[in-house]
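# Observations on the model geometry
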Amino acid sequence: MTVDDLSNKLLAIFPAYKDAYKESVAENGELLYVDFFMNTVTNDIRELLEKDNVKKLKKIYDSLNELYVKGDRTVGNLVVVIVLGGALKGDKELTEKMLSGLTDFPHLKTAVR
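Calculation criteria
In this numbering scheme, every chain counts its residues from 1 along its sequence in written order. Reporting of local features is limited, given that this is a predicted model, to residues whose pLDDT is at least 70; pairs of side-chain atoms are given and counted only at 80 or more, and all residues count toward the totals for whole chains, interfaces and linings. By convention in this description, side-chain values take in all heavy atoms of the structure and omit both hydrogens and water. Angular values range over 0 to 180 degrees, each being the angle between N-to-C directions of two axes fitted as lines to C-alpha atoms, with helices fitted over their stretch in contact. Counting from the N terminus, the helices are the DSSP runs of H or I reaching at least four residues and the strands are the DSSP runs of E reaching at least two. Orientation categories follow fixed angle ranges, with anything under 35 degrees roughly parallel, anything over 145 roughly antiparallel, 65 to 115 roughly perpendicular, and all other angles oblique. Any pair of residues with heavy atoms lying within 4.5 Å of one another is described as a contacting pair. Here, nonpolar core refers to any group of buried Ala, Val, Leu, Ile, Met, Phe, Trp, Tyr and Cys residues whose side-chain atoms link them within 4.5 Å. Only protein chains enter the area calculation, which uses a 1.4 Å probe; residues under 20% of their type maximum are buried, those over 50% are exposed, and those in between are partly exposed. Each pair of aromatic rings taken from Phe, Tyr and Trp, with Trp reduced to its six-membered ring, is defined by centres within 6.5 Å and is described as stacked if the planes are under 30 degrees apart, edge-to-face if over 60, and tilted in the remaining cases. Lysine NZ or arginine CZ positioned within 6 Å of the ring centre and within 35 degrees of the ring normal marks a charge as sitting over the ring. Expected span, for any helix, means 1.5 Å times one less than how many residues it has.

Direction vectors running N to C along helix α1 (residues 3-13) and helix α5 (residues 54-70) enclose 170 degrees, while the axes themselves pass 10 Å from each other. In terms of orientation, α1 and α5 fall into the roughly antiparallel class. Every residue of α5 that contacts α1 at Asp5, Leu6, Lys9, Leu10 and Ile13 is listed here: Lys56, Ile60, Ser63, Leu64, Glu66 and Leu67.

Here we come to the nonpolar core. Of all hydrophobic cores here, the largest spans 35 residues; its most connected members are Phe37, Ile45, Leu64, Val79 and Met98. Secondary structure elements with two or more residues in this core: α1, α3 (33-39), α4 (41-50), α5, α6 (73-88), α7 (92-101) and α8 (106-112). Considering every element that reaches this core, the biggest residue donor is α6, with nine residues. Leaving out residues up to four positions away in the same chain, Ile45 has contacts with Phe14, Leu57, Ile60, Val83, Ala87 and Met98.

The subject of this paragraph is the packing of aromatic side chains. Counting across every chain of the model gives five aromatic pairs. Look at Tyr33 and Phe37: their rings are 6.3 Å apart centre to centre, the planes differ by 35 degrees, and that puts the pair in the tilted class. Remark: Phe37 and Tyr33 occur in helix α3; sequence separation between them is four residues, near one turn of the helix. Taken together, the ring pairs connect Tyr21, Tyr33, Phe36 and Phe37 into an aromatic cluster. Residue placement shows Lys56 over the ring face of Phe14; its charged tip is 5.5 Å from the ring centre.

Here the focus is α5. With 17 residues, α5 ought to run about 24 Å at 1.5 Å a step, and its terminal C-alpha atoms sit 24 Å apart, in line with that. Considered for burial, the residues of α5 that qualify are Leu57, Ile60, Tyr61, Ser63, Leu64, Asn65 and Leu67. The elements touched by buried residues of α5 are α1, α4, α6, α7 and α8.

All we've got here are geometric facts, nothing functional implied.
Shown next, in the form of structure tokens:
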């Protein structure tokens, strides 16, 4: 799985960002993945953690886990460092919430620690 697969999965979960995705590609000639994820998806994941939206987070974690396990090194780094780590922004309370939600996803849980 590639970065494009990651983008497609996240856009399926967060369809509101499809226009932002298209705009980013149009402006830059390609998607600037780090910038795009940091300015869109990470904010939503942070908000879901703050609101304890366990059901939606589990769906996200399931997709991210699949990408992390089956993806290449770039995908793995984007999932852990940019998408999940970016959502946490060093917040210990949110980190604990995320870790407790990753019980069924040991690969992600280990990587987030």
